[in-house]
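Spelled out from the first residue to the last, the chains are:
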Amino acid sequence: MKVNNPFLTKGYVSPEYFCDREEETEKLLQAIKNGRDLVLYGKRKMGKSALIKHVFHHLGPKVITVWIDLLPSQNFDEMLTLTANAVLHAYQESEPLGKKIWAGIKKLRPTFNYDEYSGVPNVSFDLASHQASIDTFSELISLLAQNTKKVVLAFDEFQQISTYSEKNIEGYL
């Protein structure tokens, strides 16, 4: 990919256009290797998201990386939908592992539809209670844990959960 301005202010292209942050990258890679949960906290526009994408690049194909942007979510149900869609888009349905994930998600009784512009499949859930949402989210995470490959989930804009009407979401996670 040709970049006109090597001084990027948003997004992530490749390691060639990512400056510094070697120590932070190594700390994140070690934490992921050791199975630790992480929270990156800092002021807006400091490059946290780009750092995570840089770490994802370094993890390579041996790790399945799933990026979930929580900014558009208003409640836990929407978080569940965003997470399920990000998981679906991280796996190819034609691959053996993808078939297993898609079959597992189908067992969670979703509603499938397709984006009218891109044709990309999307999933949503019609759940009657908050507990049903939590149970479905737990089942989705359990499904990911059954993989032989390591799965790394990154919830971008995680502070959004503080605006949800449901309480103690971080405790469920």
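Quick caveat: nothing in here was measured; it's all calculated off a predicted structure.

1. Looking at the nonpolar core
Most often, soluble globular proteins keep nonpolar side chains buried together rather than apart. In terms of nonpolar packing, the biggest core is built from 25 residues, with M79, V87, Y91, I101 and I105 touching the most fellow members. Listed by contribution, the elements that provide at least two residues to this core are strand 1 (63-69), helix 3 (76-90), helix 4 (96-107) and helix 5 (130-145). For this core, the element with the most residues is helix 3, which contributes seven residues. Setting aside residues no more than four positions away along its own chain, I105 makes contact with A84, V87, L88, P110, F112, V123, L140 and L143.

2. Things to note about the packing of aromatic side chains
Any two aromatic rings considered together are summarised by their centre-to-centre distance and by the angle between their planes. Inspection of the entire model under this criterion finds three aromatic pairs. With 6.3 Å between their ring centres and 90 degrees between their planes, F56 and W67 make a pair best called edge-to-face. One end of the pair, F56, is in helix 2 (residues 48-59); the other, W67, is in strand 1, with eleven residues separating them in the sequence. Accessibility expressed as a relative area gives 13% for F56, which makes it buried. Since its relative accessible area comes to 24%, W67 is described here as partly exposed. The ring of W67 is capped by K53, whose NZ or CZ atom sits 4.7 Å from the centre of that ring.

3. Comments concerning the pattern of salt bridges
Enumeration according to the criterion identifies two salt bridges in this entry. The closest approach of N and O atoms between E23 and K27, which form a salt bridge, is 3.4 Å. Highlighted residues: E23 and K27, both in helix 1 (residues 22-33), separated by four residues, approximately one helical turn. As far as burial versus exposure is concerned, E23 and K27 are alike and both exposed. The partner of R44 in a salt bridge is E157, and the shortest N-O contact between them spans 3.5 Å. Residue R44 is found in the loop between helix 1 and helix 2, and its partner E157 is found in the loop between strand 4 (150-156) and helix 6 (169-172); the two are separated by 113 residues along the sequence.

4. Some points on the packing of helix 1 against helix 2
The contact between helix 1 and helix 2 brings their axes to 10 Å, and the two run at 60 degrees. By the angle class used here, helix 1 and helix 2 are oblique. Where helix 1 crosses over helix 2, the handedness of that crossing is right-handed. Together, E24, T25, L28, L29 and I32 of helix 1 and L51, H54, V55, H58 and L59 of helix 2 make up the contact between the two elements. Looking at side-chain class alone, the contact of helix 1 with helix 2 contains six nonpolar, three polar and one charged residues.

5. A look at helix 1
With twelve residues, helix 1 should cover 16 Å at 1.5 Å per step; its first-to-last C-alpha distance of 16 Å lies within 8% of that length. Those residues of helix 1 not exposed but buried are T25, L28, L29, A31 and I32. Down the axis of helix 1, the buried set is contained in an arc of 160 degrees. They therefore lie on one face. Facing away from the buried side of helix 1 by more than 90 degrees, the exposed set consists of E22, E23, K27 and K33. On its buried side, helix 1 packs onto helix 2 and strand 4. In the segment just after helix 1, G35 is the residue with positive phi, at about 75 degrees.

6. Section: the environment of F125
Its location among the elements puts F125 in the loop between strand 3 (121-124) and helix 5. Residue classification places F125 among the buried residues on the basis of a relative accessible area of 13%. As a C-alpha pair, F125 and D77 span 48 residues in sequence and 7.7 Å in three-dimensional space.

Each value, and the rule that gives it
Within every chain, residues take consecutive numbers counted from 1 along the sequence as written. Under the rules for a predicted model, residues below a pLDDT of 70 receive no local features and side-chain atom pairs below 80 are neither given nor counted, while totals for whole chains, interfaces and linings still include all residues. In computing side-chain values, all of the structure's heavy atoms are included and hydrogens and water are not. What we call a nonpolar core is a set of buried Ala, Val, Leu, Ile, Met, Phe, Trp, Tyr and Cys residues that are connected through their side-chain atoms within 4.5 Å. When a residue's accessible area, from a 1.4 Å probe over protein chains only, is under 20% of the maximum for its type it is buried; when over 50% it is exposed; and in between it is partly exposed. Strands here mean DSSP runs of E at least two residues long; helices mean DSSP runs of H or I at least four residues long; both are numbered from the N terminus. The contact criterion used throughout is that any non-hydrogen atoms of two residues lie within 4.5 Å. The aromatic pairing rule takes the rings of Phe, Tyr and Trp, using the six-membered ring of Trp, and pairs them if the centres are within 6.5 Å, calling planes under 30 degrees apart stacked, those over 60 edge-to-face and the rest tilted. By definition, being over a ring means that NZ of Lys or CZ of Arg is both within 6 Å of the ring centre and within 35 degrees of the ring normal. One speaks of a salt bridge when a side-chain nitrogen belonging to Lys or Arg is within 4 Å of a carboxyl oxygen belonging to Asp or Glu. Lines are fitted to the C-alpha atoms to define the axes, a helix being fitted only along its stretch in contact, and any angle between axes, read from their N-to-C directions, falls within 0 to 180 degrees. For classification, angles of less than 35 degrees are called roughly parallel, those exceeding 145 degrees roughly antiparallel, those between 65 and 115 degrees roughly perpendicular, and all remaining angles oblique. Take the far helix as your reference; a near helix turned counterclockwise from it by less than a right angle gives a left-handed crossing, and one turned clockwise gives a right-handed crossing. Only Asp, Glu, Lys and Arg are considered charged in this grouping, and only Ala, Val, Leu, Ile, Met, Phe, Trp, Tyr, Cys and Pro are considered nonpolar; every other residue, Gly among them, is considered polar. Here the expected length of a helix is defined as 1.5 Å per residue gap, with one fewer gap than residues. It is the directions from the helix axis to the C-beta atoms whose arc is reported.

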